[in-house]
Amino acid sequence: MRGYKSALGFLLLCLAGPACAQTYVVRASRIFDSISGKISTPGLVVVANGKIQSVGGAVPADAQVIDLGDATLMPGFIDAHTHLTMDYNPDYNGAMLKDLQMTVAERSIRATANARKTLMAGFTTVRDVGSGEFVDVGLRNAINAGVTPGPRMLVAVHALGSTGGHCDDQDSFRYGVFGHESGIEDGVINTPDDARRAVRFNIKYGADVIKTCASGGVLSPTDDVDVPQLSQAELNALVEEAHTLRRKTAAHAHGAEAAKRAIRAGIDSVEHGTFLDDEALRMMHDHGTFLVPTLTTRMGLMESKLPPLVRAKADAAVKQQDSMVKRAVELGVKIALGTDAAVFPHGENALEFAFMAADGMGNAQALMAGTSSGAELLGLADKVGALKRGMLADVVGVPGDPLDDIKVTQQVIFVMKEGVVYRDDRGALPKGREETPSPRHHMGELK
């Protein structure tokens, strides 16, 4: 890890004195406005105390200038659908065995590596929508405390679904092997009262967002991918309780009927949405419900060794993804970038930009989906998702012009999160500043 020992030395200096008060000017040939979707020239952002002080204007006399040259400055990317506490493994059955064998400690350590890869890819904010054993809560807290580098996280604890459904981790194992039938502590609900209790349980133990599995899934071994798995009453109770407790909600929903039930309940986003019909998409438009398409899943699914039932579901889903997104774009549905990272390798999240652009969004709209639109979905639009005065200083640099070639988002050369530089491929960082763990964190403002 380049410069990590010297970076820790800087962290101690920062905590002990005025070193954190450094003013930076990040400069490049261009800057992307994530609100208008336009590029302007030149690009200049002044940063101090973890926040953006100004965009454009004069360079302060005491500032350290970071000149990225022929590059574009962008807001830190936002991925609204990750699983940082899980690893991509193309061996389906082998992965199930390894999951049973792995200790919580190892899972937690591996999660820190996934978080670092994600941050270095330019994703400074993620919504992590399902984990186990509270590893997501621990990872979020460790990042916030500066123990390990990673994106700021909004976490869901365990996703909530029905017995035998996509969110039931005991699905496909013989009865009794775990010593108990899955219940609320495992994310399994079967009544409206269960739904309310499970929401309260997750929030009690650290959830920032509530995720539910409204339909079957691609990788779950025994269900149909598009079948509803929660009743309207159960979804109504779940969303009402979450909103009452000031948490947003997300529904895994491949099938149209499952999505419609979630939309009627007031869900904030539909994840995947693979088999949505036009009625469901119109309902999303009318309710202001976000779509999070997770198109990059096809990369992991194509490379994986899957059982016949799962392979059939995966192939059917991939065939429908592009046409569904194109119809959503035509109907004006709100769309935010989300990848389902862990279904493919962590750190490759920016592939989603190109897939979205190819499905009718165009480069500008795809970039907005991963910045300002993502911030709106997460409820953080006043803090991240745009390069504006007063926002948290999350700044990403990419070579060239992403409106000409959106694939440059896969070649990030600079990452700053809350005013701290984690990546600078120019090799010109002052000694001791490379990949510095953030000395200050502002997540208290986000809760």
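Whatever comes next refers back to the structure up there.
The structure contained in this document is the topic of the report that follows. Residues take numbers from 1 onward in each chain, read along the sequence in its written order. Since the coordinates come from a predicted model, pLDDT governs what is reported: local features require at least 70, and pairs of side-chain atoms require 80 or more to be given and counted, while whole-chain, interface and lining totals use all residues. Values reported for side chains reflect all heavy atoms of the structure, with hydrogen atoms and water molecules removed beforehand.

### As for the pattern of salt bridges
Cut-off, in case you're wondering: For this analysis, a salt bridge means a side-chain nitrogen from Lys or Arg found within 4 Å of a carboxyl oxygen belonging to Asp or Glu. Only runs of H or I of at least four residues qualify as helices and only runs of E of at least two qualify as strands under DSSP, and these elements are numbered from the N terminus. Partly exposed residues are those whose accessible area sits between 20% and 50% of the maximum for their type, while under 20% is buried and over 50% is exposed, using a 1.4 Å probe and protein chains only.
In this structure the tally under the stated criterion is 25 salt bridges. Of the charged contacts in the structure, one is a salt bridge between Lys260 and Glu279, with a shortest N-O distance of 2.8 Å. Here Glu279 lies in helix H8 (residues 278-287) and Lys260 lies in helix H7 (residues 256-265), a separation of 19 residues in the sequence. Under the relative-accessibility criterion, Lys260 is labelled buried at 7%. One salt bridge connects Arg298 with Asp322, and the closest N-O pair in it is separated by 2.8 Å. Here Arg298 is found in helix H9 (residues 297-303), whereas its partner Asp322 is found in helix H10 (residues 308-331), with 24 residues between them in sequence. Ionic contacts of the salt-bridge type, sharing partners, join the residues Arg196, Arg200, Glu240 and Glu241 into one network.

### Details of the pairing of strand S9 (residues 123-128)
The test is simple: A pair of strands is considered paired only if DSSP assigns at least 2 bridges between the two. Crossover handedness is defined by viewing with both strands directed away from the observer: a clockwise path from the first strand over the helix to the second marks the crossover as right-handed.
The element S9 is largely enclosed, with a buried count of six among its six residues. Bridging between strand S8 (residues 77-82) and S9 involves four bridges; their strand directions are parallel. In the sheet register, Phe77 faces S9, and the bridge partner there is Phe123. The sheet contact formed by S9 and strand S10 (residues 152-155) spans four bridges and is parallel. Its bridge partner being in S10, Val126 is matched across the sheet by Met153. For the crossover that starts at S9, traverses helix H4 (residues 135-144) and ends in the parallel S10, the hand is right-handed.

### Quick look at the sheet that holds strand S7 (residues 71-75)
Stated precisely, the cut-off is as follows: A fitted line through C-alpha atoms represents every axis, and for helices the fit uses only the stretch in contact; the resulting angles, taken between N-to-C directions, go from 0 to 180 degrees.
Sheet architecture is open: six strands sit in the order S3-S2-S7-S15-S16-S17, paired in mixed fashion. Edge positions in the open sheet fall to strand S3 (38-40) and strand S17 (420-424), since each of these has one partner strand only. For this sheet, the mean inter-axis angle between neighbouring strands, taken without regard to orientation, is 20 degrees. By the bridge criterion, four bridges tie strand S16 (residues 414-417) to S17 in an arrangement that is antiparallel. Bridging across to S17, Val415 finds its partner in Arg423.

### What to know about the environment of Ala156
Put simply, the test is: The contact criterion used is simple: two residues touch if any of their non-hydrogen atoms lie within 4.5 Å.
You can see Ala156 is positioned in the loop between S10 and helix H5 (192-204). Considered as a pair, Ala156 and Val199 are 43 residues apart in the sequence and their alpha carbons are 9.8 Å apart. The residues contacting Ala156, other than those within four sequence positions of it, are Asp128, Val129, Gly130, Asp136, Asn202, Ala207, Val209 and Lys211.

### Section: unusual backbone geometry
Working note: non-glycine residues mostly have negative phi, and peptide bonds are mostly trans. Of note, the amide linkage connecting Thr41 to Pro42 takes the cis form, showing an omega dihedral of -15 degrees. Within the fold, Pro42 resides in the loop between S3 and strand S4 (43-48). One non-glycine residue with positive phi stands out, namely Asp340, at about 65 degrees. Relative to the assigned elements, Asp340 resides in the loop between H10 and helix H11 (351-369). Classification of Asp340 by relative accessible area gives buried; the value is 9%. Backbone geometry places Ala342, a non-glycine residue, at a positive phi of 120 degrees. Looking at the secondary structure, you find Ala342 in the loop between H10 and H11. Residue Ala342 is classed as buried on the basis of its relative accessible area, which comes to 12%.

### Some details on the packing of H7 against H8
Rules: In this scheme, roughly parallel covers angles under 35 degrees and roughly antiparallel covers those over 145, while 65 to 115 is roughly perpendicular and the rest are oblique. Note on convention: the crossing is left-handed when the near helix lies turned anticlockwise from the far helix by less than a right angle, right-handed when the turn is clockwise. Three classes are used, and their members are as follows: Ala, Val, Leu, Ile, Met, Phe, Trp, Tyr, Cys and Pro are nonpolar, Asp, Glu, Lys and Arg are charged, and the others, Gly among them, are polar.
One can describe the packing of H7 onto H8 by two numbers: an axis separation of 9 Å at closest approach and a directional angle of 20 degrees. In terms of orientation, H7 lies roughly parallel with respect to H8. The element H7 and its partner H8 pack so that their crossing is left-handed. Contact residues: H7 offers Ala256, Lys260, Ile263 and Arg264, while H8 offers Glu279, Ala280, Met283, Met284 and His287. Along the lines of polarity and charge, the residues of the contact of H7 with H8 split into five nonpolar, one polar and three charged.

### As for the packing of aromatic side chains
Note the following rule: Only centres within 6.5 Å qualify two rings of Phe, Tyr or Trp (six-membered ring in Trp) as a pair; their planes then separate them into stacked at under 30 degrees, edge-to-face at over 60, and tilted for everything else.
Counted according to the given criterion, the structure contains six aromatic pairs. A ring pair is formed by Phe123 and Phe353, whose centres lie 6.3 Å apart and whose planes are at 25 degrees; its orientation type is stacked. Note that Phe123 is positioned in strand S9 and Phe353 in helix H11, a separation of 230 residues in sequence. Accessibility classification places Phe123 together with Phe353 in one group, the buried group. Here a set of aromatic residues connected by ring pairs shows up, and it is made of Phe77, Phe123 and Phe353.

### A closer look at the sheet that holds S4
Backbone hydrogen bonds are what pair the strands of a sheet, in a parallel or an antiparallel way. Strands sit in the order S5-S4-S1-S6 across an open sheet of four strands; the sheet is mixed. Every other strand in the sheet has two partners, leaving strand S5 (51-55) and strand S6 (64-67) as the edge strands with one partner each. The mean angle between the axes of side-by-side strands here comes to 25 degrees, regardless of whether they run parallel or antiparallel.

### Structural notes on H4
In terms of burial, H4 is largely enclosed, as eight of its 10 residues are buried. Of the surrounding elements, those touching the buried residues of H4 are helix H3 (104-120), S9, S10 and S16. Looking one or two residues past H4, Gly146 carries a phi angle of roughly 80 degrees, positive in sign.

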